[in-house]
Amino acid sequence: MKASGSRRERGAYFTPQAVAEALANWAIKSRSEIVLDPSAGRGHLLAAAEKRLRDLGRKRNPLIWGVELHGRSFQKLVTSFRAWGISDKNALEGDFFSRVADLPKCDVALMNPPYVRHHDIPTATKDTMVNALNGTRGIVDGRASAWAYFLALIPELLKAGGRIAAVLPTDLLASDYGEPVLAYLQKVFSTVNLIYCDGDVFPALSQQTILLLADGRHKDDGRKADMKLRRVRYPVQGQDDFSITSKRNGKTFSAGDTLPRILAPKSALAIEARLMKRSDVKSIGDIAKVELGYVTGDNGFFHLSTADAKRFGLSDTHLTKALTRERDLLGVRFTAADWKRRMKEGARDWLLTPTNGQSRGVRNLLKRKAAEEAHNSHKCDIREPWWRVPLVDPPRALMVYMGSKARIVSNTARAQVSNSFFRLTTIKDLSPNDLAVASLTSVFRLSAGLNSRLLGGGLLKLELSDARRVLIATHSIRSRDIRRVDNLLRAGQWDDACQLADRLILERGLGWSKTFIDSVRLAASQIQ
Ligand SMILES: C[S@@+](CC[C@H](N)C(=O)[O-])C[C@H]1O[C@@H](n2cnc3c(N)ncnc32)[C@H](O)[C@@H]1O
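All values reported here derive from a predicted model rather than from experimental measurement.

Analysis parameters
- Residues numbered from 1 in each chain as written.
- Predicted model: local features only at pLDDT ≥ 70, side-chain atom pairs only at ≥ 80, totals over all residues.
- Heavy atoms only, no water.
- Pairing = 2+ DSSP bridges.
- Helix = DSSP H or I, 4+ residues; strand = E, 2+ residues; numbered from the N terminus.
- Axes fitted to C-alpha atoms, helices over the stretch in contact; angles between N-to-C directions.
- Contact = heavy atoms within 4.5 Å.
- Domains from an automatic or database assignment.
- Buried area = accessible area lost by both parts, 1.4 Å probe.
- Salt bridge = Lys/Arg side-chain N within 4 Å of Asp/Glu carboxyl O.
- Polar contact = N/O pair within 3.5 Å; in protein donor to acceptor, adjacent residues only side chain to side chain.
- Buried < 20%, exposed > 50% of the residue type's maximum accessible area, 1.4 Å probe, protein only.
- Near = heavy atom within 4 Å.
- Areas by Shrake-Rupley, 256 points an atom, 1.4 Å probe, with all protein chains shown as cover.
- Nonpolar A, V, L, I, M, F, W, Y, C, P; charged D, E, K, R; others polar.
- Phe/Tyr/Trp six-rings, centres within 6.5 Å; stacked < 30°, edge-to-face > 60°.

Some words on the sheet that holds strand β4 (residues 106-111)
Ordered in space as β3-β2-β1-β4-β5-β7-β6-β8-β9, the nine strands form an open sheet in which the pairing is mixed. Looking at the sheet topology across the chains shown, the edges are occupied by β3 (91-93) and β9 (251-253). For this sheet, the mean angle separating the axes of adjacent strands, direction not counted, is 20°. Judged from the three bridges that link them, strand β1 (residues 35-37) and strand β2 (residues 64-68) form a sheet pairing that is parallel. Residue pairing in the sheet places V35 in a bridge with I64 of β2. Relative to strand β6 (residues 191-198), helix α8 (residues 178-188) is tilted by about 135°, and along the sheet it contacts β5 (158-169), β6, β7 (209-215), β8 (226-233) and β9.

Here it is in structure tokens:
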């Protein structure tokens, strides 16, 4: 977030007019209200505020304030202020967190704070933000993106009864650091409503958008706002159609709930609740230890094909079988034959694991420019020696945690699994194959869907803590039946494999009624 930084570094994505006007129309209730945008850009939100204040009857000098870091954007903001008849003094150049003392208490904060991720925020900038937070410092996690700091500080600048209308990324509901900020807003506003924009408000970004409308700023006195979320389609046909006022009541939710859970039909949540009470259904965390796969620090350097290994004269003693890509998982099991076939096709699934740095092949490799680059990466630089990827025994099963087909696969290849997967170890009561088939049932699919987070571009992801909560139906399956499911999957018949898993485990194995199985299946199909 340098004033001279690129658009991405500053998180500069300007609010479309239709959204800006909808927010200003909701937030500004009277012509005498004071409005602030703490990261005003060229003034897209404030232009809507100015229009709204005039529509409400303000003849002269709307009471508008804006702060902007970037010089050129700031100049455009000043030009707009002049055109609106507002004093230049109300446009502040610089970092919002350093200018708080220069701002008045406001009735309304209109904001679209920068979407800059924590590792792109320079340390000095982060220090300024943390220092400015004072009382709310504790609620912003060190891994938070810049928008979370803006959201945590802005209530301090509001008068009693004040409002926030903000444009935010879906990370608000998909990140661990969004949760405490939302929980804080719940304590200092009378109402907190979210509007999930289903579509691309910012086509240049991989994030989807949530509009936050918080009303009735008050002191933290133990009250908690009811929080509701509604979904609207975006883009809309004509810009004028974009309205955020609705008679429809949103869905009530709590801080920490993910979007798929909030958007799920009540009936699906009721099925989940019934499943949780059953003794033949357990959560993954009760059956196995779940951890992230190995981290190399530089996959391009540490993963080699058979041809690469030959070229550098590396013997097998310095190499370890690895699994790095979901698309190599064809069946219920990942077998040694699967791994060999992929290597023959040119996959780079040898993991470099030198026993020492002395052999000729290893020395050749460590002398390359690519090695120097790998060494400089943060993860490599902090380990000793930098070229040894920390490994423990290969897991007996692994979990796919990205995408809409989260599942468990048994690892008969005994390959090391990269951080594209979770490792499942110390598995109790069931075999890895049982777990793999059970992860195709409607029980697992419903639970994985409800516990996943919705990332930008509609991508689903289970975090480690989410994965441990996912439910699994527990039943031991005969080898012959495991083979049948494996064959279907390998033939690309995903739906048939899932149906067979339901029949083998839920119906035949556990004796559930067809009606109940159908209701679990329906619920699983209704999740995002
Ligand atoms: C997402 S844009 C939104 C601009 C405008 N509010 C809008 O809605 O169109 C965020 C803006 O914040 C500015 N910015 C980034 N960090 C800032 C900071 N610490 N203080 C003030 N402005 C900042 C960027 O330069 C960028 O113009």
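Once you've had a look at it, read on.
Observations concerning the domain arrangement of the protein chain
For the protein chain, the domain assignment lists domain 1 (7-257), domain 2 (258-294 + 393-528) and domain 3 (296-390). On a C-alpha basis, the centroid separation for the pair domain 2 and domain 3 is 30 Å. In this assembly, 27 residues from domain 2 lie in contact with 22 residues from domain 3. A buried area of about 1900 Å², summed over both sides, lies between domain 2 and domain 3, and 55% of it is on carbon and sulfur atoms. Ranking the residues of domain 2 by area buried against domain 3 places Y294, A413 and R490 at the top, with a combined share of 32%. Here domain 2 and domain 3 share one salt bridge between them. Its salt-bridge partner being D338, residue R490 comes within 2.9 Å of it at the nearest N-O pair. Counting every contact that joins domain 2 to domain 3 gives 16 residue pairs in polar contact (both at pLDDT 80 or more). Elements that contribute at least two residues to the side of domain 2 that touches domain 3 include exactly β15 (397-400), β16 (407-410), β17 (416-417), α18 (432-438) and α21 (479-490).

Describing unusual backbone geometry
Omega for the bond connecting E384 with P385 falls within 30 degrees of zero, at -10°, which places this linkage in the cis form. Structurally, the position occupied by P385 is in the loop between α17 (378-381) and β15. At T426, a position not held by glycine, the phi torsion is positive, near 40°. Topologically, T426 is positioned in the loop between β18 (421-425) and α18. Positive phi outside glycine occurs at D429, with the angle close to 70°. Relative to the elements of secondary structure, D429 occurs in the loop between β18 and α18. Judged by relative accessible area, D429 falls into the exposed class, the value being 75%.

Structural notes on the environment of S404
You can see S404 is positioned in the loop between β15 and β16. Given the relative accessible area of 66%, S404 is considered exposed. Counting along the chain gives 125 residues from S404 to S279, while the straight-line C-alpha distance between them is 27 Å.

Some points on the sheet that holds strand β12 (residues 303-304)
Strand order in this open sheet of four strands is β12-β14-β13-β17, and the pairing throughout is mixed. Of all the strands in the sheet, the pair left with one neighbour each is β12 and β17. Pairing of β12 with strand β14 (residues 350-352) involves two bridges; the strand directions are antiparallel. Paired with H303 across the strands is L351, a residue of β14.

Regarding the site of the ligand
The environment of the ligand is made up of 23 residues, and the closest members are T15, D37, S39, E68 and D95. Contact distances for the ligand include 2.9 Å between a nitrogen atom and a backbone N or O atom of F96. Its free accessible area being 600 Å², the ligand has 100% of it covered by the protein chains. A per-class count over the shell around the ligand returns eleven nonpolar, eight polar and four charged.

Details of the packing of aromatic side chains
As enumerated under the stated definition, the model contains eleven aromatic pairs in all. Each ring, one from W147 and one from Y177, has its centre 5.6 Å from the other, and the planes form 45°; the classification is tilted. Of this pair, W147 sits in helix α6 (residues 146-153) while Y177 is found in the loop between α7 (171-174) and α8, placing the two residues 30 residues apart along the sequence. A residue is classified by how much of its surface remains accessible, and W147, at 1% relative accessible area, is buried. When the ring of W339 is compared with that of W350, the centres are 4.7 Å apart and the planes differ by 70°; the resulting orientation is edge-to-face.

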